[in-house]
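# Survey of secondary and tertiary structure
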4 protein chains.
Amino acid sequence: MSSSIGENLRITIFGQSHSPAIGCTLEGIPAGKSIDEDKLAAFLQRRASRGQAWATPRKEADAPEFLGGLFEGKTCGAPIAAVIRNSNTRSKDYSQLKILPRPGHADLTAEIKYFGSQDYTGGGHFSGRLTAPLCIAGGICLQLLEAEGITVLSRIAAIEDIEDRGELLTSTAHKDFPTVSDEQGLKMQERILQRKAEGDSSGGLVECAILGLPAGLGDPMFGGMENRIASLIFGIPAVKGLEFGDGFGSARTCGSRNNDSYGVKSGSICTETNHCGGILGGITNGMPLTFRCAFKPTPSISRPQQSVNLQTGQPEELVIQGRHDPCIVPRAVPVVEAAAAIAVYDALLGRKKEL
Amino acid sequence: MSSSIGENLRITIFGQSHSPAIGCTLEGIPAGKSIDEDKLAAFLQRRASRGQAWATPRKEADAPEFLGGLFEGKTCGAPIAAVIRNSNTRSKDYSQLKILPRPGHADLTAEIKYFGSQDYTGGGHFSGRLTAPLCIAGGICLQLLEAEGITVLSRIAAIEDIEDRGELLTSTAHKDFPTVSDEQGLKMQERILQRKAEGDSSGGLVECAILGLPAGLGDPMFGGMENRIASLIFGIPAVKGLEFGDGFGSARTCGSRNNDSYGVKSGSICTETNHCGGILGGITNGMPLTFRCAFKPTPSISRPQQSVNLQTGQPEELVIQGRHDPCIVPRAVPVVEAAAAIAVYDALLGRKKEL
Amino acid sequence: MSSSIGENLRITIFGQSHSPAIGCTLEGIPAGKSIDEDKLAAFLQRRASRGQAWATPRKEADAPEFLGGLFEGKTCGAPIAAVIRNSNTRSKDYSQLKILPRPGHADLTAEIKYFGSQDYTGGGHFSGRLTAPLCIAGGICLQLLEAEGITVLSRIAAIEDIEDRGELLTSTAHKDFPTVSDEQGLKMQERILQRKAEGDSSGGLVECAILGLPAGLGDPMFGGMENRIASLIFGIPAVKGLEFGDGFGSARTCGSRNNDSYGVKSGSICTETNHCGGILGGITNGMPLTFRCAFKPTPSISRPQQSVNLQTGQPEELVIQGRHDPCIVPRAVPVVEAAAAIAVYDALLGRKKEL
Amino acid sequence: MSSSIGENLRITIFGQSHSPAIGCTLEGIPAGKSIDEDKLAAFLQRRASRGQAWATPRKEADAPEFLGGLFEGKTCGAPIAAVIRNSNTRSKDYSQLKILPRPGHADLTAEIKYFGSQDYTGGGHFSGRLTAPLCIAGGICLQLLEAEGITVLSRIAAIEDIEDRGELLTSTAHKDFPTVSDEQGLKMQERILQRKAEGDSSGGLVECAILGLPAGLGDPMFGGMENRIASLIFGIPAVKGLEFGDGFGSARTCGSRNNDSYGVKSGSICTETNHCGGILGGITNGMPLTFRCAFKPTPSISRPQQSVNLQTGQPEELVIQGRHDPCIVPRAVPVVEAAAAIAVYDALLGRKKEL
């Protein structure tokens, strides 16, 4: 199923950009867990457009309403269900998309897949707006992980060819533009604004590090931490690449440089380097789990583009109207955390079965 | 479940490197499909070590025996089950691994996960040998895809920093060292032999292109072709990165360069470039589906390495014995095809439900 | 997962008796299918309490609101999500249940399972009220089956020892008390009212017949039509038994009487009797698929009952307050249809994959 | 998937009656569990035909060979895979079944489902022989449950209208004909032999009681213990009915008689009666979990029967050749235990996730 995922924790995301609401269900969270709704709302705010220069002018309140699964502030064992009403919608902006598909978007593939019955307004179920319910589910998992001493950090690692500097050791969540180096962050913002001015958009990288994971998490083969995280991360619109630890860099080197030697630190075994990103054989080794994912540039750009009119079958120039992010990467940072948290918490529940 | 995967087609891989046999079950293949066992054996030979300089000297016949699921040469609707006996095993080589984990391997993580009960001989269930039953399953899917006009091509795209040249337009399956440019292939082989002589190993990239796919395959969110392929590809030991189309390259550019404009060719809509790797919104657009995956260097190197003795808790030097591939990438090429074929055939079966 | 079910069609039921809302998501329905919302509302009315003598006085409007999955009156490929607001709730009625569990209810088992964190108001997620979203999902499936020429009939087959008469050949859906024989129906109603007057309740049987099924539906082993239907039917609260065709009667007879001989009718093969309930080897044979399920009497009775005070650990008499159905069977009839329709439609989608 | 089942424990059954082998895979059993292979062989012997008067003369050694998943006598975390070779097969007996389907068998439904490509020899994948690998999986689960203090008892509760007497309180596993009352057992055997002499067969009931279960096992809705057990039990060929506790009897009575009052015994809460079969709201209450299932008479009888020739489309008399059980019920007793054990052990693994 495409909008559901999870083995021990099952998440279903529903709604379309312009349907009455978007939301999610979460099944499998143990009963008796406290959920801090204010903290969750604050997490969702990191994803929401707040009118920053790089974000769509469509402001989103995105306050979730819980319909079930909580009782007296705690999980009660029933599935959690939460919704966000869609209010600030402008369906008229999208009327031409039905016949003139946008390059880089799912307009044409959805038209083919659903025989023309897709909800094309605002990108329908393919809209980046659907990452809001993903953040509800992931935000809950982040809280549950935190209670187990597990922290998920992330940052913008690059906008186009401008890379962040410094290691990702502490949270960037308090920053409006979440990079480690503020200097590099400024350069990135300049690039984005320049692209915006050109009617264009920017791609970029998000890096994530998960600290405090117990060793022994994950499974061999298709249940590896890489597989689990990949299944979630590629569910975020615009992600086209994913690497763990040194990732593609590992392919360019030799074994003696890529292997992480074992050592002993404060009486416990650790590795001196972390080229493997904390995962060996799909299973965590107790070091930070690290990965990076590649976001393509927002396909909605205001420059004229070449499309084909589906009614006439003739090439036709397209100029996209509407409100779009010139770069999705800054708002994608908490979404990546949410996706990773879901994968990790699912694996953690699975680990209990084996004990 | 970690050794099972698939939604419409369900595959389970079983066995360990030195258990009586390894094998797989496949459920969900429609009845009445012809399986060419000779062709399957030939495909498996591409993965098997045949004593090439870059491969382990452990020769593997790897002829699968079908225990069920076939009747008079065709699928009969029952699950397909096939096994390969493990014969040429030397368990004594591995006795030290129980107490002295190899860097870059799953020895330590398996020890922690399974509380010391893991089958550590030959890497157990984590061994690259388990890609043989994956190739049985994938080899069957390749035949079924071919019958639908779908071809899966692949090649070695790089060994360390030596990249292949030319586009991947035709099969390299007939080559002993499957690159497009034989000249580059020779350079790669030299590098591998040099590493072998140094007691070291090489990483590399495998590229894959799937031709003939209908548009409309795959699903939004977690059912996208990227998610489906990633779930399988990260199940191959040593894969640490995966990118679709331009992948990480897309992150470094702007929307006007990354979007694939629509055009009309012989009356049907196509894109002029293929930066998206044939996938938009998780769904195929009818262009070739392309991806590349990064393999880390074989962690089993003969150079002395630093490990920790699990009995004494003290650092100890490790020298790995046994027969290992100085570079797994050449033998991984058909494995990548197999994994991709499983993901694609599963999506194809799912597509039928919607029609 | 306990509140999700389905293979090709995935349904998740959420909410509690007194949470803000109850609802469901449905994934896997092909795009472009018309859903008649008025017809669905009429179906839901059959389940709702309308103040009949045998039903709870808690009247339920139960008009579903669709939050996603529909676009211009048709399925659009995205998951369908629908909710019903909980308005007419009286949480104060249930305060004692936390410490004095009701015999025959899930109060004690939920207390143990969820460590006291369960939502105990109104039965929480165990409430019969959760059959309303099941009827949303099933009502949609009934419409889709009807479009394929498949009809689901059902009736009250017995209330306690009073059995209905006549064969189930046409719909009883228009009747307030859905039996084939109105005379027997009156006797049943008298029995229920007598029990109600005694502060007691009645058990009963529901029979279901599915007409128009193609032969070849269902799978061997755990995918048989019996397994599929059982998985759904036992999800209805109070069901304690299920039999297909002659069911328990088959166990009391011999093969020559139980086997259904083959014959030819209008050129096609059929059986002369239908002891097997239209299923052989888990797969439909083209005859009506028939089953009966046993509902225990409503455990909420107003007579004093023996319970144990969970705080003191001492036995204590319990008198249940609140509004309850003296017999759930009449309102369960459409719920059984809904559950059966989900199982059948899921199997039908699965059948397409094999063609 | 039809031949796979399980949520936390995943089982796949493969093979056909006359294919090279039958077998199973089991995934999800924690590492480090001891499996007693002799004890498992003894359990399988209870299912095997040993030439008793009521069983097929086809003697089956049924000694499983483990191909993977065990290491030094314990589970090692990898999937368990075990096979039984098919040796004593007589394929020629079955040649006519391709064109003259046996009443009560899956011959015709398989022909339709698989478009004539099914393995029809010996019933193929529908054969009762496939319950042998189910017993491998279930026999392992029985051992694991026993280690947790959980016992699964069962017996023949009836052959046709002859019912066993006495309560099922201790194991009948040591008896050749497993009833509680030997006197009733003799009468049942006489009936079976009489049917055999008449070229006919007998149906019957198997009862099962699971002792030592912790309270709190199972889930609401579709994850209830009834649903879980039903999904497995209806996977046994010839099962047409299933009831828990008083089952169909509950439907014939009133709430005040059917509710199980709570009491206190040795300081812990229990019920004085057990009409609910140890399950409330799908969840165990700590009392014995009890159920009964109805087996139809073996459809393979030697009397002439009416069939239809699939080649000519004309009615034709069929006389079944081959070796068949005149009553499958005695040999089905351990199969029911196996199926129940799988369902219970799966639920037990799931329970750990919640703690």
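Residues numbered from 1 in each chain as written. Chains lettered and ligands numbered in written order. Predicted model: local features only at pLDDT ≥ 70, side-chain atom pairs only at ≥ 80, totals over all residues. Heavy atoms only, no water.

### Some words on the pattern of salt bridges
- According to the stated counting rule, one finds 88 salt bridges over all chains in the structure shown.
- We note a salt bridge from Glu160 of chain C to Arg191 of chain C, for which the minimum N-O separation is 2.9 Å. Taken as a pair, Glu160 of chain C in the loop between strand E8 (151–159) and strand E9 (162–163) and Arg191 of chain C in helix H4 (residues 182–197) lie far apart in primary sequence, 31 residues in all. Side by side, Glu160 of chain C and Arg191 of chain C carry an identical accessibility label, which is buried.
- Overlapping salt bridges, with partners in common, bring together Glu7, Asp219, Arg228, Asp346, Arg351 and Glu354 of chain A together with Lys113 of chain B in one network. (Salt bridge = Lys/Arg side-chain N within 4 Å of Asp/Glu carboxyl O. Helix = DSSP H or I, 4+ residues; strand = E, 2+ residues; numbered from the N terminus. Buried < 20%, exposed > 50% of the residue type's maximum accessible area, 1.4 Å probe, protein only.)

### Looking at the interface of chain B and chain A
- Listed per partner, the contact involves 97 residues of chain B and 97 residues of chain A.
- Summed over both sides, the interface of chain B with chain A buries roughly 7,600 Å², with 64% coming from carbon and sulfur.
- The largest contributions to the chain B side of the interface with chain A come from Phe222, Lys240 and Tyr262 of chain B, which together make up 12% of the buried area.
- On inspection of chain B and its partner chain A, the count reaches six salt bridges.
- Along the contact surface separating chain B from chain A lie 48 residue pairs in polar contact (both at pLDDT 80 or more).
- Of the residues forming the side of chain B that touches chain A, the biggest block, six residues, is contributed by strand E11 (residues 239–244) of chain B.
- Taken together, the residues of the side of chain B that touches chain A sort by class into 43 nonpolar, 35 polar and 19 charged.
- Here strand E11 (residues 239–244) of chain A runs beside E11 of chain B; their pairing, made up of three bridges, is antiparallel. Looking at the pairing, Gly241 of chain A lines up with Glu243 of chain B of E11 of chain B. (Contact = heavy atoms within 4.5 Å. Buried area = accessible area lost by both parts, 1.4 Å probe. Polar contact = N/O pair within 3.5 Å; in protein donor to acceptor, adjacent residues only side chain to side chain. Nonpolar A, V, L, I, M, F, W, Y, C, P; charged D, E, K, R; others polar. Pairing = 2+ DSSP bridges.)

### Let's talk about the relation of the copies chain A and chain C
- For the match of chain A to chain C, the screw axis carries a shift of 0.0 Å, the RMSD comes to 0.0 Å, and the turn is 180°. When the rotation and shift are considered jointly, the pair of chain copies conforms to a two-fold rotation axis.
- Of the interface residues in chain A, 100% have counterparts in chain C that sit at the interface too, so the contact is made through matching surfaces. (Least-squares fit on C-alpha atoms with pLDDT ≥ 70 in both.)

### Quick look at helix H1 (residues 37–47) of chain A
Residues and elements named next belong to chain A.
- Looking at H1, one finds that the buried residues are Leu40, Phe43, Leu44, Arg46 and Arg47. For H1, the angular spread of buried residues about the axis comes to 145°, placing them on one side.
- The secondary structure elements touched by the buried residues of H1 are strand E4 (65–68), helix H3 (131–146), strand E8 (151–159) and helix H8 (329–353).
- At the N-terminal end of H1, a side-chain oxygen is found 3.1 Å from the backbone nitrogen of Asp38, two or three residues along, and the residue is Asp36. (Arc of directions from axis to C-beta.)

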